[in-house]
Structures are given as structure tokens and as C-alpha cells.
Amino acid sequence: MSDRLDQLERRIDELRAGVRRAMRARDAVTARALRADLRAAERTWDSLVSSPVQTPGGKRAGATTVRERVHQALDALGAPAQPRLIVAVSEAFFSGGLRSAQLTSIRRDEERSFRSSPYGRPYYLCAALTDRLSPARGLLTLSAWPLERRVVGPLSPRVDFLTCAAAVAQHIQRSAGPSPESLRLVARMGRNIPGGELVELGKDVDPGRVAEMALAELAVHLDRDTRDRAELAARAREQLDDPARLFGAALLSAANVGALGKEGITA
Amino acid sequence: MSLLTSLAKLRALQEGRAQPIATVRHCHLSDRPMVFIPLKLSGEAAAPLAAMFGTDRQAPQLLVVAQPRNRDLRFAFTADLAGLLLPYLESFLADTETVERKNADPYERALDAPQLLLPNRAGVAFTALLGRSTRFRRTDGPYPVPEGVPLLGRWLTYLAERAAYPGSSLTLAVTEELSRHWASGQSALEDANLAALMAWVEGRPSDEAEDPLVWPPAGPATDPGFDSEVLAPAIENGSAERITEALRTQLEPTWRLMWQAADLLRTLPEGASVAQRWELDRGSYSGFATQLAEGGPPQARRDGAVAAASRLSRMERAQASYDVQRAYDDPLIMADHRLSGEAFAGEVVQTEPDNFEGEGRSRKLRPLVVVKTDDPVRLPPGSALGTPQRKGQGAELVEAAGGLVTLKITKGMGRGKTPAPGSVPEVGERVCYTTLTDDFQGAATLPEPEATPWTHGGPPLEYVPNDDDAREAWE
Amino acid sequence: MRRIDALRGTTPPKPHDARAIAALAANPGCARRALMDGAGVDKDAAARHLGFPAPFGQSPFAITRGNQFEALVKSDGCAELLRMLRELLELPIAEVAYHDVENVGAHLRHAHTRALFERAARGEHDAGTLYDHPLLSLDIAGHTAYLEPDVVAFQLEGRFHIVEIKSFAIVDGQADPAAVAAAARQAAVYVLALRTMLEELGHDPLTVSHDVVLVCPENFANRPVAKLVDVRRQLAVLRRQLTRMTTLDRLLEELPEGLTFDLEPGEDGLPLRRAADLADALRGVTARYAPDCLSTCDLCFFCRNEAREEGASDLLGRNVRDELGGVASVEEALGLADGTRAPREGQEEIARLLRGAERLRQDCLA
């Protein structure tokens, strides 16, 4: 067997060198072919040398699906959020076990499901809408929320962050024995709110104080943001059909841009 | 770079072989050096990936972080590294000599000291970062690390700092030492590549040294092609064996080169002042070990104003002293000073050993020596001179004209009415005299740290590592 | 066809990104590079065809790490970034409006960027504070190069700043000087592009600050920290080089008739012309090789090889070249040193020194 291994190792070395040489010469076709051979040889080598590799991480919480866990987290936050924050909240308060990678295609899946049987599910995980009424990159919302909450104006990213921070802090205040993950999360968020400069990572943090600080800054932005959002929501109701209201309009082409938006385009 | 070195580089280019720019070895080489080749994960400041190290060229140790993004595995790696490096670093502490001091208590100095050989300057910088990222760690509290980790961090910090100290040999970057002794036919930038530089010294320069497939980089950065084609798939696959084997292929060629480089340096006879500088290293090593034993705090993140100024002043004096010692030890380095007119060499053509100056009680023995030289002497009469042939001797230039230099010996020829035997060079002897001398003014007068003026930030708070230092996330 | 475009031939011009433009400033004396960049020739492809592929590559780990760090800085409505800007530049609490230019279609992004900055420069109320992914442009020798920085521009009281996010660490207040210098060169490109845009819109270009905000991870944590970096010097070099490139006429006039660097591909995607033929064409334009090219220019191995064939002392680095008082060839310098070559006028001093140095080396190594 060791002869066979030696032989394989030599072959692997040759193939690796070949791939890298091809890559350097930007010869993608050869590189791909060699890489396929290489993977095969490496698999053989692995099977000869080691016991089968365990795939890491079984699912933690039994029955809940990914979409249920995302719903749970978004519901707790009460504002549009990025996958990163959704994962952290799920980890802090619920069963956790979410990975950001699982959230990348979820909006597309939801849209497909909605289009094939509209309102067939009690809720949908859907998009936040930009001032062009197109889906905002990397934000998830719940279909149950009013449109005013699901559209985002210029101030909304900050407003939503503060809303989420306050929600996280209050969630901790309500819970009996807060998890270390939740305390870390609230400390991390609190640090980025004025008055929170003194919040140190890893130190005990007062969630009540973080909620207060978040609400204090929120008061500064809220009026304008509410106005902006109301305006956008009205436009969305006027211009979009049901699927587009949930999942956003396709990006606009040059032709119909002029009609939209107070900014106007000076191209 | 001096003109002599530039000329040597030109010659190297023409002959396809590096040219000597030193006739003796100016660094100490341990009988039992620790060769240490660390690799880091690309894109991270101080995430170790692997290290090949050891004192036995036949038996390198290999440590690998099989999942480099896993913080716990990184600490496990440093813990393993500590387990293997600390015994070596501490093994020189047992055998000591007692050193008497004026106006101070005698102290114990180790008879020998550890020596870390790294491939290049970037390796030293990474060692410093590895030290920085581990020395504040705590073995208890919320993010505990294994026992040896902070201790290793303090040693690595110390050793990396010594690498910047002129003339110290506790930590050597091998490419730097090679370039100090040989001039290659390539630029300084290319000299930082160990394989390329070694190829020049061995007289077979080739572009192969730059091909990462033939010669993987000597670290700490890995070849990007290796990262994407070999390492990333291996990490994805999760097989520790595969990752280990892949990294071994990147380290073994450098391991062999490191020992060959040490062999090459060893072919040069040791310079006369090397032992003296190594003695300072041994003293420094013992001093640092004592600090550790006495429970001193880890090295601060940054020096206070006084500490920084005093460090700078120490370094400047060490540099000046190192430069002079090398010139005294090595005619090829003295040649730089001869070319610039600060030194001259030649044959003694005439002497007047019992020349006297002054009258009565101030009548002094001042032997005269006339040296014939081809060197351009650009020194005014009255210049104080020293000579590598008779260290401790002092002389003064009387006159220089037409290739003949007259000098009088002012120190180091005995107190008698005639010069001590051998203290005045004989006619026909080859001698060299220079204005370079190794007796420098003492340490700069700096205030005590407590008296740091407000312009320099006032007295520093005493450095006490706090919880933040210990907790600083390492992810 | 313009002469400069004829130089590139049939292939479309290679777009310049900020990294490539920043590299222009690295070796301003090189006519070969000025012409190739001016014409938009794909130097990387040329180097490969010549058999001297560029030694550059980026590790996937470094790329991932860079993306992750950038996402962290911008996540949660740029929460980390706002904290740092509030600390560093006293950004008022109310200034949080965020515009992501990438939310518009690709073909509209440049126009959208202009519209946003026009409003901001006019000082319109609620014009916004942070602009993510602005699409800027710069004129490079008559070609418009579009820059898609992963940077944020931000304005405070009518003054604009460029924010550059880099994933190299600042440890105890210190970062790798080479990494900082590269970041400063790149940021200078964005500053210049933004200034140019404002000027075109009829505003004072100097409202774009020469102090850029550099955001890096601090120590060994992921926690970002911001520092101001003054890029005035990099701006001056860049501006000078770009001006030179718009006046390539003099260089073009000196070129032989019909000279071209055309890389027209055949069916296999590889250039049709023979490599030797391309090499000859390149040799028709003088290069100025220096070891620094090894970290900045795609053609470095080709030019180094050429310098070797010519026995140029440039190979050994600028400081050797300076030490030699400008004697350009290895053979000439060695000839002066061993006395087999008589010094030309003006070389007497360096010849005397070289002879002295040679005598001393012989003396010591005998």
C-alpha cells in the first residue's frame, strides 16, 4: 500500500505543479482538466490514508427549519436586517444553528414559492425596497410588516440598526438568564451608539442603558425617516404589483428612470 | 551601500557568482542553533499556519494549524510550540559564570545562549507579532490559554527585539547575514529571497529560485498559487494529514537551505570581536531570564518617552561600536574607510622608537613611525588614530605628504624610557591606522522615567497589563 | 486612428482600475510603460505572450479576509464606520444618511454618482452623508477609466472625504509601511477622481480633502480603527504622471513608423503574432527597469531580462546606480575599475574612485 501511496503522492505533486503552471499562464481549460484529475487523485489518497472524514456540524435544533429560524429572529428584531445580524440574534436568543451561507438564496426561494402559489404560506421572508423600489442588497424583511417598515430611505439603515439594538437590549431585559452570546451582541451594538464608547467588549454591559441610548439617538432621526418611508411606501403601493411589493421591482433600465424619484438623473 | 560593495556586485553579475565583501564572519554561530521557519495565513496579521523548526538538521519538527481560522487551534499551536521551544530557550540557563561589577552587585551570566535562525527579516517581524499576540494572554479568567503561551510570547518578543540590536546574534535573519558577507549580482529586494541569494553564493544563479513550484517562498507568506490550488482545497476537505503534508512540501526546501546557509557562514573564520559581542548577548539573555523569574510584567505595548529615548541611544551606540569593531576585525571592511580617507594602510619604512617630546617633568616618550601608503589620506595633522594591529594603542598624525605618513605613538607603548617590546611596529611591517575608535562617550544623560517632562507626555503610568490585553480577541 | 490607438492595435483598451493607476506613479521615467498604459495595452497579456508572466497573485485567504472585514465595517448601516467618523471627525449625530450607489443598474451608476455629488456640493438640505460604491472616472491619456472603489465617500459640512477600507492590521498604532503607502497611493486616485468630477460640475475641487480616512483592523481583533492619512504627496506624483501621459505626443513622434503592440487574438484566444515579433516591437521603446518594478509592473520580468542582456547596472538597484555616478553598464564600470577603459569626460572622478576600490579589493582578497 505504501508503494501505491508514494506513487499517488508523486502523481499529486505533478498534477499540482501542472495546475499552478496552467494558472500562471492563465490557461483555464488545462487547469480545469488537471484540477479534476487532481481532485480524483487526492480522493484516492485520502481514502487510502485515513478513515472517512466526518462532515462537521449536525443540525442542532431538531424540527425548526431555516426559514422558521429566520422568521423568529426577524420578528424579534422588528426591522429589516442583514444575514449576519439574523444569525447572531438566532444564536443569542433562540436555537441558533443558522449559517449566513444558508440565507443567501432564501429570498429567491421565497419569491419562487410566492409566484407559484401566491399567499400559500402564512408568511414570507422578503426583500426591503430601496428608493428605486428595487430589492435592497442583503436585507431581509417579513411580509407581515407594513410597507412603511419594509422600504428603506437614506436614514433607514441607521434607524433600523438602532431599532434592532433596542430590541436586542429589551429582549435581554425580559429574559431570565441571558446567554453569553446575547450579552456579547448587545455590547457590540452598544459600542456603536453615542454614549456607548465606554462599553468594553467582554465586560458586563447594562442592556437597559443600551436601549436608552439607542432610543435617544433614534429620536433624532425618526421624524425624517418616517416621512421618507411613508412617501416611498405610497409610491410602492401605487406602482408595484403584489410580487414586486414583496420582492422588489427589477432594476430600472435607462428608459424609464426619468419618471422616477425626486433625485432625477442628470445623465 | 559602499562603493566597494557596489563594485563587488558588479563583479558578481559579471562572473555569475556572489563575491565576498567580508573576510571573517561578523556574527556568532551557535553549535546548536534553533532553525525556525514560521508560515502565516495570508491576509491575517499574526495567524500562524505552520512552523518547521529544530536544532537537528536530520530531524525537523513540524507543527501545523489544521484549521487556521479556528482560534482555539491557533492557541493549541502556540502551546505546542511553547512546549518544544521553551526547553531549548531555557536550557542555557544552568551553566553560568559570576561577573563582578564596579559599584554594583555581581551577577550570574550564562556561559552560552540560545540562537534563533530565521530565513529573512519578514520572519523576524512575524516572530515579533506572534510574541505580541500571545504575551498578554492569561492562563486563567474568561479566555484562558495553555500555560506556556504567554511565556513563549515574552521570549519571542525579546528575541525579535534583539534582532534589531546591532551586533546581536541571538536572533539572525539568514538572508541578512549572507548579504553582510557576500555581494550577489541582484538587487537588495531580490536578496530577500533565500533561495535566490543562496544560488548566487553557490555560484549557480537561476530564475528557478523565483519559481514557487521549484522553491517555495521561505515564509512567512506562502505562495498564493499554493494557497488557492493546494491549501484551500485541503482545508475544505478537512483532512489534517493532507494539510500537514501540503505544508511540509512548502517548508522542507527552506529547511535544507537554512542549514546550508549556516554551513556557508561557518566556512568563514569568526571575527575577533564576535566573542565580545556574544558576551553581551549572553548577559542580556541572563538578564531577561532573571526578569522572567522575578515575575516582571510582560513587555509594554509601547515604550514611554524616556525608555524610547534611552533605547534609541543604546542602539545608536551599539551600531557605532559594531561598525568600528567590524572594520578593526576585517581588512575588507576597513577598506571602505581607506577609500573614503578615514584610514590608511601600508608598509612601515622608518621608525624612531625613542623619540621624546617636551622638557623636564613633561618630557614624554613619543615613538615616531613613517608609513608608506597608496591610500588617499585626507586627515589633518593632530588627528587621533587607532590601529587594528595593536588594539589599545593610540597615535597622532604628524604629517602626511607624497604617500608618506608620519605619526607618533601616544598611548599603549608602556611607561618606561623605552617602548615596551613589540609596541612600535618594525620597518617592513604592514600596518593600518584609522580615526575610527571604539571608545564612545557614555550613555546619554536622560531623566529618570518619573521625571519625564510634560513635553514628552509626563511620567508614564507604570505598565500593568490589563484585562483588555488579556482578552483582546484573536480572531 | 490616433497614433496612440494604433499602438494598441485591434484589441479593446484594457480598463484601468485604481490599483493600476496608482502603479503608474511608481516609475514615472519609463517610456515603455507610459506608452503601453496610455494606449491601454493589456500588459499582463503581453507579458504572458512573451513568456515572462507577471509574478503577481493574491491568495484566496487574503481576498476572503478583505471582503469579510469590509462587510463588517459596513454592516448594520455602517454602524462601525459612523462610530469612527464621529470620534475622528466629530461627525454630528444627525448625519447618518446612507446612499448605496450599487442599488442602481450598472449603466446608470456613474450618472447617479454625479447626481448625488452634485446635490451634496450644492449644499442641498438632506443631500446625504455616506455614499457607498460611487462610480468615479478619470481620464487616462484620452481614455476614460472607470473606478469602482469599494470605498465610501462621505461629506461633512460641504467637505468630502474618501474612506479606504483595508484588512491589514494596525498593531499598537503601527502598520506595515509598505501596505500603508500602497493604500495611500490608491486613495489618492479616488481623491483625484472625485475632485475632477466636482470640478466638471462647476464646484471647487478642493472641497475633497487630501486627508483620507483609512480603516483597518486594530491589533489582532476584528475591531476596526480609523486613521487620517495625508495623501498630498501621492496626489502630486499622480497628477504629474497623468499630465505626462496626456502629452505622449513627443514619445509617439520618436517611434518608428508602423510600430504596434497589437495582441489580436486568434481562434484559440492567444495573440496571433509571434512572441519574438512582439518583443522586437517592445524593444523599440525604451524602458527604465528598476528592481521596484518587480512589485508593480506586469512586464517586470521581460524588462529585467532585457536589462541583463544589456548588462545594465540598473539590475542592482537605484542605490548602486547612484553609487556609480550614473555609469549605466556593468562592463563600462568594471572597465573603469580595472583600468582597461579610459574615462569619458565627466567620468574622471568616478573612475578614480572605482580604480581605488578595485585596488583595495585586490589588496584585501589577495
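Residues numbered from 1 in each chain as written. Chains lettered and ligands numbered in written order. Predicted model: local features only at pLDDT ≥ 70, side-chain atom pairs only at ≥ 80, totals over all residues. Heavy atoms only, no water.

(A) Broad picture of the overall build of chain B. When its secondary structure is counted, chain B shows 13 helices and 17 strands. Dimensions of chain B along its principal axes, counting C-alpha atoms only, are 90 × 60 × 45 Å. A total of 475 residues make up chain B; the buried ones form 51% of that total. Taking all contacts inside chain B whose residues are at least 6 apart in sequence as the whole, residues at least 24 apart take part in 69%. Here chain B displays about 20700 Å² of accessible surface, and carbon together with sulfur accounts for 51% of that area. (Helix = DSSP H or I, 4+ residues; strand = E, 2+ residues; numbered from the N terminus. Buried < 20%, exposed > 50% of the residue type's maximum accessible area, 1.4 Å probe, protein only. Contact = heavy atoms within 4.5 Å. Areas by Shrake-Rupley, 256 points an atom, 1.4 Å probe, with all protein chains shown as cover.)

(B) Quick look at the sheet that holds strand S2 (residues 130–132) of chain C. Residues and elements named next belong to chain C. Across the sheet, which stays open at both edges, the six strands sit in the order S1-S2-S5-S6-S7-S8 with mixed pairing between neighbours. Strand pairing shows two members of the sheet lacking a second neighbour, strand S1 (98–100) and strand S8 (224–230), which therefore form its edges. Between one strand and the next, the sheet's axes are offset by a mean angle of 25°, whatever the strand orientation. Sheet topology places strand S5 (residues 152–156) next to strand S6 (residues 159–165); five bridges connect them, and they run antiparallel. Residue pairing in the sheet places Gln155 in a bridge with Phe160 of S6. (Pairing = 2+ DSSP bridges. Axes fitted to C-alpha atoms, helices over the stretch in contact; angles between N-to-C directions.)

(C) Summary view of the sheet that holds strand S7 (residues 116–118) of chain B. Residue and element names in this part refer to chain B. In space, the five strands of this open sheet follow the order S4-S3-S2-S7-S8, with mixed pairing throughout. For this open sheet the edge positions go to strand S4 (61–64) and strand S8 (171–173), each flanked by a neighbour on one side alone. Along the sheet, successive strands turn relative to each other by an average axial angle of 20°, direction set aside. Examined bridge by bridge, strand S3 (residues 48–54) and S4 share four bridges and lie antiparallel to one another. In the strand pairing of S4, Met52 is matched with Leu62. Those strands touched by helix H2 (residues 71–90) are strand S2 (34–40), S3 and S4, and its axis lies near 15° from that of S3.

(D) Seen up close, the interface of chain A and chain B. At the interface, 20 residues of chain A touch 18 residues of chain B. Both sides of the chain A and chain B interface together cover about 1600 Å² of buried area, and 50% of this is carbon and sulfur. Ranking the residues of chain A by area buried against chain B places Arg16, Arg20 and Trp45 of chain A at the top, with a combined share of 35%. We note a salt bridge from Glu42 of chain A to Arg242 of chain B, for which the minimum N-O separation is 2.8 Å. (Buried area = accessible area lost by both parts, 1.4 Å probe. Salt bridge = Lys/Arg side-chain N within 4 Å of Asp/Glu carboxyl O.)

(E) Representation of the nonpolar core. The biggest cluster of nonpolar side chains holds 83 residues, and the ones touching the most others in it are Ile21, Leu35, Leu147, Phe261 and Leu299 of chain C. The biggest single contributor to this core is helix H7 (residues 177–200) of chain C, with 13 residues. Core analysis: the next-biggest nonpolar cluster, separate from the first, contains 45 residues, Cys27, Met52, Leu231 and Leu247 of chain B among them. (Core = buried A, V, L, I, M, F, W, Y, C linked by side-chain atoms within 4.5 Å.)

(F) Spotlight on the interface of chain B and chain C. Listed per partner, the contact involves 56 residues of chain B and 50 residues of chain C. Carbon and sulfur atoms supply 64% of the area buried between chain B and chain C, which totals about 4300 Å² over both sides. There are 11 salt bridges connecting chain B and chain C. Between Glu44 of chain B and Arg65 of chain C there is a salt bridge, with the nearest N and O atoms lying 3.8 Å from each other. Elements with a minimum of two residues in the side of chain B that touches chain C: helix H1 (3–15), strand S1 (19–20), helix H3 (121–134), helix H6 (188–191), helix H8 (224–237) and helix H12 (331–340) of chain B. Looking at which element gives the most residues to the side of chain B that touches chain C, the answer is H1 of chain B, with 10 residues. A per-class count over the side of chain B that touches chain C returns 25 nonpolar, 13 polar and 18 charged. (Nonpolar A, V, L, I, M, F, W, Y, C, P; charged D, E, K, R; others polar.)

(G) Structural view of the environment of Gln347 of chain C. Residues and elements named next belong to chain C. One can find Gln347 in the loop between helix H13 (330–338) and helix H14 (348–365). Judged by its relative accessible area of 10%, Gln347 is buried. Considered as a pair, Gln347 and Gly325 are 22 residues apart in the sequence and their alpha carbons are 8.2 Å apart. When neighbours within four sequence positions are excluded, Gln347 is seen to be in contact with Val327, Glu332 and Leu336.

(H) Focus on the confidence of the model for chain A. All names here are of chain A. On average, residues of chain A score 82 in pLDDT, and 85% of them reach the 70 mark or higher. Taken as a whole, residues 51–62 scores under 50 in pLDDT and shows eight contacts with residues more than four places along the chain or in a different chain. Throughout residues 253–267 the model reports pLDDT below 50, and contacts reaching past four residues in sequence, or to other chains, amount to 26 contacts. (pLDDT = per-residue confidence, 0-100.)

(I) Representation of the pairing of S2 of chain B within the structure. All names here are of chain B. By the criterion of burial, S2 is predominantly enclosed, with seven of the seven residues buried. Every second residue of S2 is oriented toward a common face, with Met34, Phe36, Pro38 and Lys40 on one face and Val35, Ile37 and Leu39 on the other, all of them buried. In terms of strand pairing, S2 meets S7 through two bridges, oriented parallel. Opposite Met34, over in S7, you have Leu116 as the bridge partner. Two strands pair when backbone bridges link them, and S2 and S3 are joined in this way by six bridges, in the antiparallel orientation. Bridging across to S3, Phe36 finds its partner in Phe53.

(J) Spatial organisation of the packing of H12 of chain B against H14 of chain C. Between H12 of chain B and H14 of chain C, whose axes approach to 9 Å, the crossing angle comes to 155°. Considering the angle they form, H12 of chain B stands roughly antiparallel to H14 of chain C. Crossing of H12 of chain B against H14 of chain C: the hand is right-handed. On H14 of chain C, the residues touching Pro331, Leu332, Ala335, Arg338 and Leu339 of chain B of H12 of chain B are Leu353, Gly356, Ala357, Arg359, Leu360, Arg361, Asp363, Cys364 and Leu365 of chain C. Looking at side-chain class alone, the contact of H12 of chain B with H14 of chain C contains nine nonpolar, one polar and four charged residues. (Parallel < 35°, antiparallel > 145°, perpendicular 65-115°, else oblique. Left-handed = near helix turned anticlockwise from the far one by under 90°.)

(K) Quick peek at the domain arrangement of chain B. Residue and element names in this part refer to chain B. Domain annotation of chain B identifies domain 1 (3–299) and domain 2 (331–434). Here the C-alpha centroids of domain 1 and domain 2 sit 44 Å apart. For domain 1, the biggest contributors to the area lost against domain 2 are Leu4, Ile21 and Thr23; these three give 62% of the whole. One can count zero salt bridges joining domain 1 with domain 2. By residue class, the composition of the side of domain 1 that touches domain 2 is six nonpolar, three polar and no charged. (Domains from an automatic or database assignment.)

(L) Local environment of the packing of aromatic side chains. Inspection of every chain in the model, using the stated rule, returns 15 aromatic pairs over all chains. With centroids separated by 5.3 Å and ring planes inclined at 85°, the aromatic side chains of Tyr88 of chain B and Phe92 of chain B adopt a geometry described as edge-to-face. Accessibility assignment for this pair places Tyr88 of chain B and Phe92 of chain B in one class, buried. An aromatic cluster is defined as three or more aromatic residues linked by ring pairs; in this entry it consists of Phe114, Tyr119, Tyr124 and Phe247 of chain A. One cation-aromatic arrangement involves Arg162 of chain B over Tyr165 of chain B; the distance from NZ or CZ to the ring centre is 4.4 Å. The side chain of Arg363 of chain B reaches across the aromatic face of Phe356 of chain B, ending 4.3 Å from its centre. (Phe/Tyr/Trp six-rings, centres within 6.5 Å; stacked < 30°, edge-to-face > 60°. Lys NZ or Arg CZ within 6 Å of the ring centre and 35° of its normal.)

(M) Examining the confidence of the model for chain B more closely. Looking at chain B, pLDDT values average 89 and 92% of them are 70 or higher. For this predicted complex, the interface confidence reaches an ipTM of 0.89, while the overall pTM sits at 0.87.

(N) Geometry of the pattern of salt bridges. Tallied over the full model, the rule gives 67 salt bridges over all chains. Asp263 of chain B is paired through a salt bridge with Arg57 of chain B; the nearest N and O atoms lie 3.1 Å apart. With a gap of 206 residues between them, Asp263 of chain B in helix H9 (residues 240–266) and Arg57 of chain B in the loop between S3 and S4 connect regions that are remote in the sequence. We note a salt bridge from Arg304 of chain C to Glu190 of chain B, for which the minimum N-O separation is 2.7 Å. Here Arg304 of chain C is found in helix H11 (residues 300–310), whereas its partner Glu190 of chain B is found in helix H6 on a different chain. According to the relative accessible area criterion, Glu190 of chain B is buried, its value standing at 7%. Through salt bridges with shared partners, a single ionic network connects Glu190, Asp207 and Glu210 of chain B together with Arg304 and Arg308 of chain C.

(O) Spotlight on the domain arrangement of chain A. Segmentation of chain A into domains returns domain 1 (1–50) and domain 2 (65–247). Look at where the C-alpha atoms of domain 1 of chain A and domain 2 of chain A centre, and you get two points 46 Å apart.

(P) Highlighting the state of the cysteines. For the coordinates displayed, the defined rule picks out zero disulfides over all chains. Unpaired in terms of disulfides, Cys78 of chain C finds its nearest cysteine sulfur in Cys164 of chain A, a separation of 15 Å. The buried category is assigned to Cys78 of chain C, whose relative accessible area is 0%. (Disulfide = S-S within 2.5 Å.)

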